[in-house]
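Read off the chains here:
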Amino acid sequence: MHIPDGYLSPAVWLAMDVVAVGAVAGSARVVEKRLGERQVPALAVTAAFIFAAQMINFPVAAGMSGHLLGGALAGILLGPWSGTLVMTTVVTTQCLLFRDGGLTALGANVFNMAILSVLAGCAVWRAGGALPGKGNPRAVAFAAAWVSVVLAALAAGLQLFLSGRAGPVVLAAMLAAHALIGIGEGLVTTAALSTLGSVRPDLLEAERV
Amino acid sequence: MRRWRPILILALALGALSPFASSLPDGLERVAERLGFAARQAEPVAPAPLPDYALPGHEESRPAGALVGIAGTLLVFGLAYTGARLLARKGGGGLP
């Protein structure tokens, strides 16, 4: 879902740069106040895992592949603000070193994949936890992951539409493609969380920022 | 950090497997082809040292791709570790 150079109009990418810089700076301010040194390895290892997993494209359907985005996983494991910073590190490295996503689209890509997907994943995760009976954690994690991908895809579609690159049909097309890819996101996120939960439950009980 | 080592090793293994991933277009690329705006993709505005996760001149080499995958994973680990450490020290909050 990394938007390359040329897909977005200057007005759209500049606006997304402003939003992304503001949100990342705000996240850093919260994390700076609350993060303890003990939590540092969790952030670093989550970033490395998500970066590596994002390289593993799996075939989905109709000649299309998908890969883990990781926004919901980062948010559930680390909390929304650390999750945003971890995802921003991943997306920015992908852009600057590996040309995965254009430099002009960096703000938009950070917004979609590092901010919106993390916050959406966290919101669904918390809403599920607030259900009577707390909800089935696997089902809630699956839903959080699916929603995080679909919302990020819709945001990318909206940016493309506002850039005049396609009609409103781009929103429907992005939704259709990522409703499928989101199933993969849900499966990988659920598997990662339940593996971690059975191998190292202590790691899941850490303080989240 | 020791507690997290198995997951870091798993991440490095995924990095090494990256050359074997599907090369089919992803969701956005597929939508761009179908709706006809794929041609709007411009030349990158800035050069990148390892475009498309490949060593320039060795794009077809899987061992080279595996090395890039491992190195990238280690680099992201290092960047996130350094950044998180700086933020944790600056605030001095959180758990002891």
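Residues numbered from 1 in each chain as written. Chains lettered and ligands numbered in written order. Predicted model: local features only at pLDDT ≥ 70, side-chain atom pairs only at ≥ 80, totals over all residues. Heavy atoms only, no water.

Helices and strands together make up the secondary structure of chain A, namely eight helices and two strands. In chain A, the succession of helices and strands from N to C terminus is α-α-β-β-α-α-α-α-α-α. Whereas a compact globule of 209 residues would reach a radius of gyration of roughly 17 Å, chain A reaches 16 Å, a difference of no more than 12%. Taking the principal axes of the C-alpha coordinates as reference, chain A spans close to 50 × 40 × 30 Å. Expressed as a percentage of its 209 residues, the buried residues of chain A come to 56%. Counting contacts in chain A only where the partners sit at least 6 residues apart, residues at least 24 apart contribute 74% of the total. As displayed, chain A has an accessible area near 7400 Å², and 71% of this comes from carbon and sulfur atoms. Between the mean site of the 11 positive side-chain charges and the mean site of the 9 negative ones, chain A shows a separation of 5 Å. (Helix = DSSP H or I, 4+ residues; strand = E, 2+ residues; numbered from the N terminus. Rg over C-alpha atoms; globule rule 2.2 N^0.38 Å. Buried < 20%, exposed > 50% of the residue type's maximum accessible area, 1.4 Å probe, protein only. Contact = heavy atoms within 4.5 Å. Areas by Shrake-Rupley, 256 points an atom, 1.4 Å probe, with all protein chains shown as cover. Lys, Arg positive; Asp, Glu negative; His and termini not counted. Charge placed at Lys NZ, Arg CZ, Asp CG, Glu CD.)

Once that is clear, we can look at unusual backbone geometry. The backbone phi angle of A:Arg99 is positive, close to 50°, even though this residue is not glycine. Position of A:Arg99 relative to the elements: it lies in the loop between α4 (80-98) and α5 (106-129). The exposure class assigned to A:Arg99 is partly exposed, which follows from its relative accessible area of 34%. The phi torsion at B:Asp52 lies on the positive side, around 55°, for a residue other than glycine. Locating B:Asp52 in the fold gives a position in the loop between α2 (27-35) and α3 (62-91). Judged by relative accessible area, B:Asp52 falls into the exposed class, the value being 55%.

Between two packed helices, both the angle of their axes relative to each other and the distance between the axes serve to describe the pair. Residue and element names in this part refer to chain A. Look at helix α3 (residues 71-78) against α4: their axes get within 7 Å of each other, and the N-to-C directions meet at 140°. When the interaxial angle is binned, α3 and α4 end up oblique. The two elements α3 and α4 cross, and the hand of that crossing is right-handed. Contact with α3, carried on its side by Gly71, Ala74, Gly75 and Leu78, involves Pro80, Ser82, Gly83, Val86 and Met87 of α4 and no other residues of that element. Grouping the constituent residues of the contact of α3 with α4 by class yields five nonpolar, four polar and no charged. (Axes fitted to C-alpha atoms, helices over the stretch in contact; angles between N-to-C directions. Parallel < 35°, antiparallel > 145°, perpendicular 65-115°, else oblique. Left-handed = near helix turned anticlockwise from the far one by under 90°. Nonpolar A, V, L, I, M, F, W, Y, C, P; charged D, E, K, R; others polar.)

Let's shift gears to a positive patch on the surface. All names here are of chain A. Together, Arg29, Lys33, Arg34 and Arg126 make up a positively charged patch on the protein surface. Per element, the largest residue contribution to the positive patch is three residues, and it comes from helix α1 (residues 10-34). Within the secondary structure, Arg29 sits in helix α1. (Patch = residues over 30% accessible without salt bridge, like charges linked within 9 Å, V, L, I, M, F, W, Y side chains within 5 Å. Salt bridge = Lys/Arg side-chain N within 4 Å of Asp/Glu carboxyl O.)

Here we come to the side chain of A:Ser117. Note on placement: A:Ser117 falls in helix α5. With residues near it in sequence (within four places) discarded, A:Ser117 still touches A:Leu69, A:Gly71, A:Ala72, A:Asn112, A:Ser148 and A:Ala152.

This part covers the environment of B:Gly69. Mapped onto the secondary structure, B:Gly69 falls in helix α3. Residue class for B:Gly69 comes out buried when judged on its relative accessible area of 1%. Separated by 51 residues in the primary sequence, B:Gly69 and B:Ser18 place their C-alpha atoms 6.2 Å from one another. With residues up to four places along the chain from it excluded, the contact list for B:Gly69 reads A:Phe51, A:Met55, B:Gly15 and B:Ser18.

Across the boundary between the two partners, chain A contributes 65 residues, which contact 61 residues of chain B. Buried surface at the junction of chain A and chain B, both sides included, amounts to about 5600 Å², of which 72% is carbon and sulfur. Here B:Asp52 ties to A:Arg99 by a salt bridge, and the two come within 3.8 Å at their closest N and O atoms. Broken down by element, the side of chain A that touches chain B gets its largest block of residues, 12 residues, from helix α2 (residues 40-54) of chain A. Partitioned by chemical class, the residues of the side of chain A that touches chain B number 41 nonpolar, 12 polar and 12 charged. (Buried area = accessible area lost by both parts, 1.4 Å probe.)

A general trend in soluble globular proteins is that nonpolar side chains are found buried together. One finds A:Met1, A:Ile3, A:Leu35, A:Phe49, A:Val110, A:Met174 and B:Phe37 to be the most contacted residues of the largest nonpolar core, which totals 84 residues. Once you skip the residues sitting within four places of it in the chain, A:Met1 turns out to touch A:His67, A:Leu69, A:Asn109, A:Met113, A:Val149, A:Ala152, A:Ala153, A:Met174, A:His178, B:Asp26 and B:Leu28. (Core = buried A, V, L, I, M, F, W, Y, C linked by side-chain atoms within 4.5 Å.)

We now examine a nonpolar patch on the surface. Side chains of A:Leu96, A:Leu103 and B:Val45 sit close together on the surface and give an oily, nonpolar patch of about 250 Å² of accessible area. Assignment of secondary structure puts B:Val45 in the loop between α2 and α3.

When the pLDDT values of chain A are averaged, the result is 95; 100% of them are 70 or greater. The element-level mean pLDDT for chain A is lowest in helix α8 (residues 201-204) of chain A, coming to 78, with α4(A) highest at 98. (pLDDT = per-residue confidence, 0-100.)

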